[in-house]
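Close look at the chain arrangement
Each chain, letter by letter, is given below.
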Amino acid sequence: MSSQQPPVGERFRRSRQRRDAGLAVPPAEFSSYYGRPILKPPVWTWEIAAYLFTGGVAAGSSLLAAGGQLTGRPAMRRAGRVAALAAVTASAGLLVKDLGRPERFHHMLRVAKPTSPMSVGTWIVAAYGPAAGLAAIAEAAPLLPRRGPLGLVRRVLPPVGRVAGLAAAATAPALGTYTGVLLADTAVPSWHEAYPHLPVVFAGSALASGAGVGLIAVPPAQAGPARRMAVAGAALELYGAHQVESRLGLLSEPYRTGRAGQLLRAGRTLTAVGVAGAVLGGRSRVVAALSGAALLAASVATRFGVFRAGVASARDPRYTVLPQRERLARRRAAETP
Amino acid sequence: MAEAHPVGFQWVMEARKRGAKVFHVDPRFTRTSASADTYLPIRAGSDIALLGGVVNYILSNELDFREYVLAYTNAATIVSEDYVDAEDADGLFSGFDPETGSYVQDSWQYAGHERDSGSGHTATERDTAAGLRHESHGAPIAGQVERDDTLQHPRCVYQILKRHFVRYTPEMVERVCGLPQEKFLELARAWTQNSGRERTGCLIYSVGWTQHSVGVQYIRTGAIIQLLLGNVGRPGGGVLALRGHASIQGSTDIPTLFNLLPGYLPMPHHAQHPTFDEWVDAIRHPGQKGFWGNARAYAASLLKAYWGDAATPDNDFCYGYLPRMTGDHGTYQQVLDMIDGKIKGYFLLGQNPAVGSAHGRAQRLGMANLDWLVVRDLFMIESATFWQRGPEVATGEIVPQECRTEVFFLPAASHVEKEGTFTQTQRLVQWREKAVDPPGDARSELWFFYHLGRRLREKLAGSTLPRDRALLDLAWDYPTHGPHDEPDAEAVLREINGYEVATGRPLASFAEARDDGTTAVGCWIYAGVYADGVNQAARRRPGREQDWVAAEWGWAWPANRRMLYNRASADPQGRPWSERKRYVWWDESAGRWTGYDVPDFEVTKAPTYRPPEGATGPAALAGDDPFVMQSDGKGWLFAPSGVVDGPLPTHYEPAESPVRNSFYGQQDNPTRKTYRHPVNSINPSPPQEHSQVFPYVFTVSRLTEHHTAGGMSRTVAPLAELQPEMFVEVSPALAAVAGLTHLGWAHLISARAVIEAKVLVTDRLVPLRVDGRVIHQLWLPYHFGFEGLVTGDSANDLFGITLDPNVLIQESKIGTCDVRPGRRPTGPALRDLVDDYRTRAGIVAGAVPPAVTPGVPVDQPGETAGERETGADERGDR
Amino acid sequence: MVDTDDRSTPRDPATGAGWVDPPPRMGFFTDTSVCIGCKACEVACKEWNGVPTSGLDLLGMSYDNTGALTANSWRHVAFIEQPRPAAASEQTDTTTQFLGMPQSGPPGRTGTAEGRNDFRWLMMSDVCKHCTRAGCLDVCPTGALFRTEFGTVVVQEDICNGCGYCVSACPYGVIDRRVDDGRVWKCTLCYDRIGAGMTPACAQACPTESIQYGPLDELRERAAARVATLHERGVPEARLYGHDPSDGVGGDGAFFLLLDEPEVYGLPPDPQVPTHDLPKMWKRAGVAALAMAAGAVVAFLGGKR
Ligand SMILES: Nc1nc2c(c(=O)[nH]1)N[C@H]1C(S)=C(S)[C@@H](COP(=O)(O)OP(=O)(O)OC[C@H]3O[C@@H](n4cnc5c(=O)[nH]c(N)nc54)[C@H](O)[C@@H]3O)O[C@H]1N2
Ligand SMILES: Nc1nc2c(c(=O)[nH]1)N[C@H]1C(S)=C(S)[C@@H](COP(=O)(O)OP(=O)(O)OC[C@H]3O[C@@H](n4cnc5c(=O)[nH]c(N)nc54)[C@H](O)[C@@H]3O)O[C@H]1N2
Ligand code: SF4
Ligand code: SF4
Ligand code: SF4
Ligand code: SF4
Ligand code: SF4
Ligand SMILES: [Mo]
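Bear in mind that the values here come from a model prediction, so they are computed numbers and not experimental data.

Calculation criteria
Residues numbered from 1 in each chain as written. Chains lettered and ligands numbered in written order. Predicted model: local features only at pLDDT ≥ 70, side-chain atom pairs only at ≥ 80, totals over all residues. Heavy atoms only, no water. Helix = DSSP H or I, 4+ residues; strand = E, 2+ residues; numbered from the N terminus. Buried < 20%, exposed > 50% of the residue type's maximum accessible area, 1.4 Å probe, protein only. Contact = heavy atoms within 4.5 Å. Areas by Shrake-Rupley, 256 points an atom, 1.4 Å probe, with all protein chains shown as cover. Lys, Arg positive; Asp, Glu negative; His and termini not counted. Charge placed at Lys NZ, Arg CZ, Asp CG, Glu CD. Near = heavy atom within 4 Å. Nonpolar A, V, L, I, M, F, W, Y, C, P; charged D, E, K, R; others polar. Pairing = 2+ DSSP bridges. Axes fitted to C-alpha atoms, helices over the stretch in contact; angles between N-to-C directions. Salt bridge = Lys/Arg side-chain N within 4 Å of Asp/Glu carboxyl O. Phe/Tyr/Trp six-rings, centres within 6.5 Å; stacked < 30°, edge-to-face > 60°. Lys NZ or Arg CZ within 6 Å of the ring centre and 35° of its normal. Patch = residues over 30% accessible without salt bridge, like charges linked within 9 Å, V, L, I, M, F, W, Y side chains within 5 Å. Parallel < 35°, antiparallel > 145°, perpendicular 65-115°, else oblique. Left-handed = near helix turned anticlockwise from the far one by under 90°. Buried area = accessible area lost by both parts, 1.4 Å probe. UniProt positions renumbered as here; feature names shortened; annotations may be inferred. Polar contact = N/O pair within 3.5 Å; in protein donor to acceptor, adjacent residues only side chain to side chain. pLDDT = per-residue confidence, 0-100. Expected span 1.5 Å × (residues − 1).

1. Re the overall build of chain A
- A count of helical and extended segments in chain A gives twelve helices and zero strands.
- Taking the principal axes of its C-alpha atoms as reference, chain A extends roughly 85 × 50 × 50 Å.
- A total of 337 residues make up chain A; the buried ones form 59% of that total.
- Put simply, 76% of the contacts in chain A that link residues at least 6 apart link residues at least 24 apart.
- When the accessible surface of chain A is summed, it comes to about 13400 Å², and 65% of that surface belongs to carbon and sulfur atoms.
- Of the charged side chains in chain A, 40 are positive and 15 negative; the average position of the first set lies 11 Å away from that of the second.

The following block contains the structure:
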């Protein structure tokens, strides 16, 4: 936080400088107030984009862990649980850090509000976090002494961990997808219009990043499910991203252009590379790990891409005015017989 | 008006809601233009041409309200045959004396009154802005005047007026003002169609009209139109001045001006008014008609209020103690005297001349050459820190370590931190409560002067020197209260109102004032504001609880009258001109004047009353003479005296103009006041050479967001941020010509200074086609200076000093300049740039352009030796 | 609170928020046709509410140096310099295409020495709309935003933790986070004043009654009458904005009379409360979550390796 309010002129610089328009009349595409944004661009900074990623990693990892747990793949279970705890811890940190008043983070727990995806998300995280945490802690059981009070803990932990791991996995899909609603339930044009697709993108991205964790941490021999998860996740993610980039009319533009476009393209490439590596990499530990890393990187790129596309759409009044004008025209046309 | 009087403008908006049509005439498109029905862009300084065009339109189409004009104005009066109009003498009226730059007005008088008018030579009047005395009363006319009620006599005012304005045609308006003819005709049509028996139109002006070398004549032209159309003294009519600072009206009523005493009594002149009787007679003109006949009572009562017990009829009420004028003591003369070392000490209260007055550099150099300077202000303003941070420090002209002026800064209490009154433009006196205590050492003016006087008197106590008597004899006994011994403001109001000395009973009206020392009155026109011992100014009965005149809100001088000359709202027989517009009328059965307002007439004087032969004072006014303060009871279309620069308004170019006067050989007002002083200079105008060195016209005015010299707005964050930087507005065309870019820098150069500003390119300014040429106007706010939260160069640095001769107001609305892109030079290079321009423009320090434009023939006035002597005498007085 | 699909049924937001027998809904009708751009509203709001400065910044946007509604400007007066629309003027240059505001460059291009194009200068005092269906309020996760008994929307500064969600959820771009404070701020419709039966500071200061405060129903009637009058007087471009309870936000508690398209003033032409689509969003998220779960199940059950 800077200690000074930046000047208004700085805060709302026109996103697209049409230079040298001079005294000539530019094409009457649309009108606005000095080209300034109508909406306030999100005040969220990189932390939220990063959280989209870490939340996804947590969700994917918990599913991976639960799968490992239920299909008897301890390495996968362990890796998933530890990654989930790390990711959810990072998530909480990022979320708190992004607050304007971090010391008031607990005010989130004052209410439970179905109209607020952030409130819903808070409670999802509140349910998921402890479960994921317990499951991960349970992995530490073998390190405890066999006797004494800790011995009791050592004995109790694994079953608790099993229950917790399943509980975490049960809430993980919610954790992985609610963020799509979090972004969509705003006035940010390219986020809002993308509401049917964002949860799909995020679900896929979460699966793929969970798979990435598996590919890195689990010997290739045990990693078959992770590879399949990578394929499934990539499929969902690529399908969703394609929808977002092509089905929203003008509002798809921010996903294809600028920094956001670059990021999303990078994400797609990395996903493809990661999946290809995972599927075709044979038994190479190195290739598997690189593929996993690629998937994780893809998820980062996708999340930041989606995030930035929204911000860009809020900054340019074109994306606010033109679709609304069209909507208005459609409604008026429908009203007049 | 929306810019500078937004609260008053609500009534204009309300009138518009009810269907009134609003026209706005201004060099640039303002917030007012945005809210008007029609906007007329005009070249600054050319309004007399526009208004003269309207006069001509009215007269040539016979659209005047004839009954009104005949009965209530001096249209029918016959003027002396010695009179020569400016139309016939290339822009000069008869009687011009080039030596003093002033007129001998004998030839302007009504026929038969050439000698007894008392106007004569006006050189002294010009120096002391004596015209201002007539703010509340006309100049004298004795006896009866010749009339021609058919208005056909070639020397009747009506015909003179017609001839004077005959060349002010729509074509000329277009040529001189740069205003399309259709726009002009739209205005002229609307104005005349909305005037007359059933309708009235009103004219509103403010300092866009006054701050010119012909400012008073601007307003005279407006008044002529309103009289011709019957729009004076009637509801919805009038010539409404929007005054400035919250109590600027109050500060002329109870003046801060060098030439006036309270209630428009003139400050005595050492040569003209040596004795009390001579002073008083110069005001009341024995034998004259009208209400100034009682001036002796007002004058005696004023002195009685000043000197209390010491003032007696035997010692002329201590008249000898009053200071005397010796000539021009106006603020600009004083500044030049400071530069010349003639003035040693200066009190500056509630004024910031380093920014607010024309020729900022002269102001600062003057204040830097004093022994002491006392500044009382709410904030640390430029006029207190010029010696340390002013632009002259940067150029090396003032060296802080060597500046000899000792500056004392005393914090002042603001209007919310003290009680008192505001008198606004309608003469409405409104009481103000104190809202909060002043912070720290801040004190009210009342406190400061009371205690300053008290301490001076304590120091002088026991002095036997005659010169100290004036101070020691003062009635200086105000009750005080509170921890700081704050004088009681209501006690002051009571003294202003006046009281019976013996009983202390407050007077109910100025009619109770006496000239025998039995009454003391601080300001006779305010008598009644404390009637019955009640603070009438504090009345706040809401408008919805009374009729539309709302006589119980505050108190208006004189006598709580809300509209002056309201007898004119009824026809000569005393019946309302129209039922819609009824205001004050004669009630036959009751035998008195009645109506919504307090009648501005003797209430029982019937419309049929005719004065007996030889009557004087009020009794000499007939029952159909509504202009009761005028010596002939008439509204003056033609002013035989009282205006020193001509009996009729005439278009002259501003002192600095890029164009030649299209009407006359005389370029500019020949009586304008200029000062030959090395620091002062005027940019050349045609027909002088080199006028193209300063090719652009700049005009300066206000922003809603700031206040005057900025001391009260640039220091306040919520205001400062609304207009955070000095800027100059230019049209896109000028931007292209001069290479200026939106939000880029520009600097403006005149013969006095160079200043810089950010550029705002806007359609609100348009180039004008004037006399076949394209004239570009630039606009600047004058609110910026070097102190406060937001700072910038001062527009007033660009101006030289040229004054209107009637009231000594500076021409600060218009000047010429050059403009260049980029920032100005700093340090000594800045003066070099100015000097370079001065050289190119052929400017010689201390020289000002001639009063009479070369080539204009001057008829030397006054054939008789006596008159010449008078003139010489008065010149000697200066 | 999410039954937002029905555009036609107006409802009283105070009752909806659980107030029993609330007073009439209060709001603003801002009639920009009489605004003189004096900014008294901006200043009065700052003074009364102790709002800090928005910065000393010459923007070159006509006389607007505030720029937008922000955490530090709860009233904002917009200034628009433009040629007069054809309908209102006899001598309009029809070749000049009207664009609202120039997108860039200086605002001037119509005046010449040969005569100026007819020109107008629009002024409009903008404020929080106190939406019937307020996006900011819907999404606030802490309950810092609440609906008052007057139907207005207010932030509780002791609750807000600056999550910033409301900022993105406001379809008008009103609510804003204060940089050096971390919390969000906006017009409270002077909750403290109206609770005490007083008029909000901005409306009180407005000299021309451009800002009219009162029960919303009355204001709507007045506004309709004013539009009719303006139409009669040859101002066909006069229109209301935000008055319609069947619009995308259920109508505004602060609505406007405009003389041009909303976007010219920086207003969205067809604002919609984001939560309008929330049920559908949750459905889609549910489907995606199922797909995600399914993907995981398939991954583990779908092969041997
Ligand atoms: N916000 C605000 N209000 C104020 C003040 C302030 O500083 N700020 N100051 C107060 C004071 S002290 C005063 S005296 C009044 C002054 O009130 P106004 O006289 O209304 O103020 P200005 O803006 O100086 O001038 C008015 C207009 O005159 C125009 N003008 C300039 N030259 C000419 C000309 O030759 N002809 C015509 N027709 N118009 C011309 C200017 O372009 C300007 O728009 O305002 C008072 N009210
Ligand atoms: N070019 C150009 N120049 C102009 C004008 C113009 O239109 N164009 N307008 C002219 C006009 S009309 C005017 S009125 C002048 C104004 O010019 P000034 O009178 O020189 O300027 P102000 O800033 O009004 O100065 C008033 C000072 O009084 C202080 N003050 C306020 N209240 C009190 C109080 O109660 N007691 C004391 N002691 N101080 C107080 C304020 O802080 C402020 O600094 O400018 C004139 N100059
Ligand atoms: S500043 Fe005061 S005097 Fe001037 S318009 Fe506003 S309320 Fe009236
Ligand atoms: S305008 Fe925006 S901030 Fe105001 S109530 Fe509506 S959604 Fe909330
Ligand atoms: S920033 Fe404050 S008011 Fe806005 S949604 Fe978050 S907690 Fe609520
Ligand atoms: S209602 Fe109050 S808080 Fe809202 S803009 Fe007006 S003054 Fe400011
Ligand atoms: S106070 Fe009224 S007239 Fe002035 S800018 Fe605000 S809304 Fe417009
Ligand atoms: Mo003034």
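2. Remarks on the site of ligand 4
- Taken together, 14 residues lie around ligand 4, and C:C128, C:K129, C:C131, C:C136 and C:C170 are the ones closest in.
- When the residues that make up the shell around ligand 4 are grouped by side-chain class, the tally is ten nonpolar, two polar and two charged.

3. Topic: the sheet that holds strand β9 (residues 345–349) of chain B
Residue and element names in this part refer to chain B.
- The strand order β9-β10-β11 describes an open sheet built from three strands, whose pairing is parallel. Pairing within the sheet leaves two strands with one partner each, and these edge strands are β9 and β11 (406–411). Here the average twist between neighbouring strands, direction ignored, is 15°.
- Examined bridge by bridge, β9 and strand β10 (residues 372–377) share five bridges and lie parallel to one another. From the neighbouring strand, L349 faces β10, where its bridge partner is R376.

4. Considering the side chain of B:R562
- With respect to the secondary-structure elements, B:R562 resides in the loop between β18 (555–556) and β19 (584–587).
- Buried and unpaired, B:R562 has B:D597 as its nearest opposite-charge partner, separated by 5.5 Å.

5. Considerations on the arrangement of the chains
- Of all two pairs of chains in contact, the one with the most contacts involves chains A and C.
- Contact between chain A and chain B is absent, and the least distance between their C-alpha atoms amounts to 8 Å.

6. Here's the deal with the packing of aromatic side chains
- Under the definition given, this model contains 58 aromatic pairs over all chains.
- Ring geometry for B:F165 versus B:Y168: centroids 5.0 Å apart, planes at 75°, classification edge-to-face. Both residues of the pair, B:F165 and B:Y168, count as buried.
- Each residue in the set B:F29, B:Y39, B:F727, B:W779, C:Y63, C:F79, C:F119 and C:W121 is aromatic and connected to the rest through ring pairs, giving one cluster.
- For the cation-ring pair, A:R303 lies above A:F202, with the distance from its terminal atom to the ring centre recorded as 4.6 Å.
- Stacked on the ring of C:F28, the Lys or Arg C:R75 has its end atom at 4.8 Å from the ring centre.

7. Some thoughts on a nonpolar patch on the surface
Residues and elements named next belong to chain A.
- A surface patch of nonpolar side chains, about 390 Å² in accessible area, is lined by L134, I137, L152, V156 and V160.
- Residue assignment for the nonpolar patch shows that the elements contributing at least two residues are α4 (117–138) and α5 (148–184).
- In terms of residue count, α5 provides more of the nonpolar patch than any other element does, three residues in total.
- Along the chain, L152 falls in helix α5.

8. Some remarks on the packing of helix α7 (residues 170–177) of chain B against helix α8 (residues 181–193) of chain B
All names here are of chain B.
- Packing of α7 against α8 leaves a shortest axis separation of 9 Å and a crossing angle of 120°. Taken as axis vectors, α7 and α8 run oblique relative to one another. Where α7 crosses over α8, the two elements pack in a sense that is right-handed. In this structure, α7 contributes P170, E171, V173 and E174 to the contact, and α8 contributes Q181, F184 and L185.
- For the contact of α7 with α8, a count of residues per class yields four nonpolar, one polar and two charged.

9. Some thoughts on the interface of chain C and chain A
- Counting residues at the interface gives 100 residues for chain C and 98 residues for chain A.
- For the pair chain C and chain A, the summed buried area comes to about 7900 Å², and 59% of that belongs to carbon and sulfur atoms.
- For the interface between chain C and chain A, the tally reads five salt bridges.
- One salt bridge in this structure joins A:R327 and C:D270, with 2.8 Å as the shortest N-O distance.

10. Some points on the pattern of salt bridges
- Under the criterion given, the structure shown has 69 salt bridges over all chains.
- We note a salt bridge from B:R714 to B:E382, for which the minimum N-O separation is 2.9 Å. Of this pair, B:R714 sits in the loop between β22 (696–701) and α22 (717–720) while B:E382 sits in helix α17 (residues 382–389); the two residues are 332 residues apart in sequence, bridging distant segments of the chain.
- Assessed through its relative accessible area of 1%, B:E382 is described here as buried.
- Residues B:D468 and B:R467 are paired through a salt bridge, measuring 3.7 Å at the closest nitrogen-oxygen approach.
- Overall, the relative accessible area of 9% leaves B:D468 in the buried class.
- Residues joined in a network through salt bridges with shared partners are A:R77, A:R78, A:R81 and A:E139.

11. Considering the site of ligand 7
- Among the 14 residues in the neighbourhood of ligand 7, the closest are listed as C:C35, C:C38, C:K39, C:C41 and C:C206.
- Of the residues belonging to the shell around ligand 7, the class tally is nine nonpolar, four polar and one charged.

12. What to know about the UniProt feature "transmembrane region" (unreviewed entry) in chain A
Residues and elements named next belong to chain A.
- UniProt records the feature "transmembrane region" (unreviewed entry) at residues 48–70, 82–100, 120–144, 156–178 and 198–218, using the numbering of this structure.
- Taken end to end, residues 82–100 comprises 89% helix and 0% strand; its first and last C-alpha atoms sit 30 Å apart.
- The annotated region residues 156–178 carries 100% helix and 0% strand content, and the separation between its end C-alpha atoms amounts to 33 Å.

13. Points about the environment of A:A312
Residue and element names in this part refer to chain A.
- Inspection of the secondary structure puts A312 in helix α11 (residues 285–315).
- By relative accessible area, which is 35% here, A312 ends up partly exposed.
- Each C-alpha atom of the pair A312 and P41 lies 7.9 Å from the other, and the pair is 271 residues apart in sequence.

14. Section: the interface of chain C and chain B
- Listed per partner, the contact involves 44 residues of chain C and 51 residues of chain B.
- Interface area for chain C against chain B, summed over the two sides, is near 3700 Å², with a carbon-plus-sulfur share of 60%.
- For the salt bridge of C:K46 with B:E721, the shortest nitrogen-to-oxygen distance reads 2.4 Å.
- Applying the counting rule to chain C against chain B returns 15 residue pairs in polar contact (both at pLDDT 80 or more).
- Residue assignment for the side of chain C that touches chain B shows that the elements contributing at least two residues are α2 (40–49), β2 (76–83), β3 (111–112) and β5 (119–126) of chain C.
- Of the residues belonging to the side of chain C that touches chain B, the class tally is 17 nonpolar, 14 polar and 13 charged.

15. Re the sheet that holds strand β13 (residues 428–432) of chain B
- Taken together, the three strands give an open sheet; going across it, the order is β12-β13-β18 (chain B), and neighbouring strands pair in antiparallel fashion. One side of each edge strand has no neighbouring strand; the edge strands of this open sheet are β12 (420–423) and β18 of chain B.

16. Things to note about the environment of A:V163
- Tracing the backbone shows A:V163 in helix α5.
- Along the chain, A:V163 and A:G281 lie 118 residues apart, while their C-alpha atoms are 34 Å from each other.

17. Let's talk about the pairing of strand β25 (residues 754–761) of chain B
Residues and elements named next belong to chain B.
- Taken across its eight residues, β25 has eight buried, putting it largely inside the fold.
- As paired strands, strand β23 (residues 727–730) and β25 are joined by four bridges and run parallel to one another. Across the sheet, the residue bridging to E729 is L760, located in β25.
- As paired elements, strand β24 (residues 745–749) and β25 share five bridges and run antiparallel to each other. For L748, the partnering residue across the bridge sits in β25 and is I755.

18. Let's talk about the confidence of the model for chain B
All names here are of chain B.
- In the predicted model, chain B carries a mean pLDDT of 93, and the fraction of residues at 70 or more is 96%.
- pLDDT under 50 marks residues 863–878. Its contacts with residues more than four places away, or in other chains, come to 20 contacts.
- Interface confidence in the predicted complex, given as ipTM, is 0.93; pTM for the same model is 0.93.

19. Quick notes on helix α13 (residues 295–307) of chain B
All names here are of chain B.
- Between its first and last C-alpha atoms α13 spans 18 Å; for 13 residues at 1.5 Å apiece the expected length is 18 Å, and the two agree.
- With respect to burial, α13 is a largely interior element, eleven of its 13 residues being buried.
- Three or more residues of α13 are buried, namely A295, A297, Y298, A299, A300, S301, L302, L303, K304, A305 and W307.
- Following α13 by one or two positions, G308 adopts a phi angle in the positive range, close to 50°.

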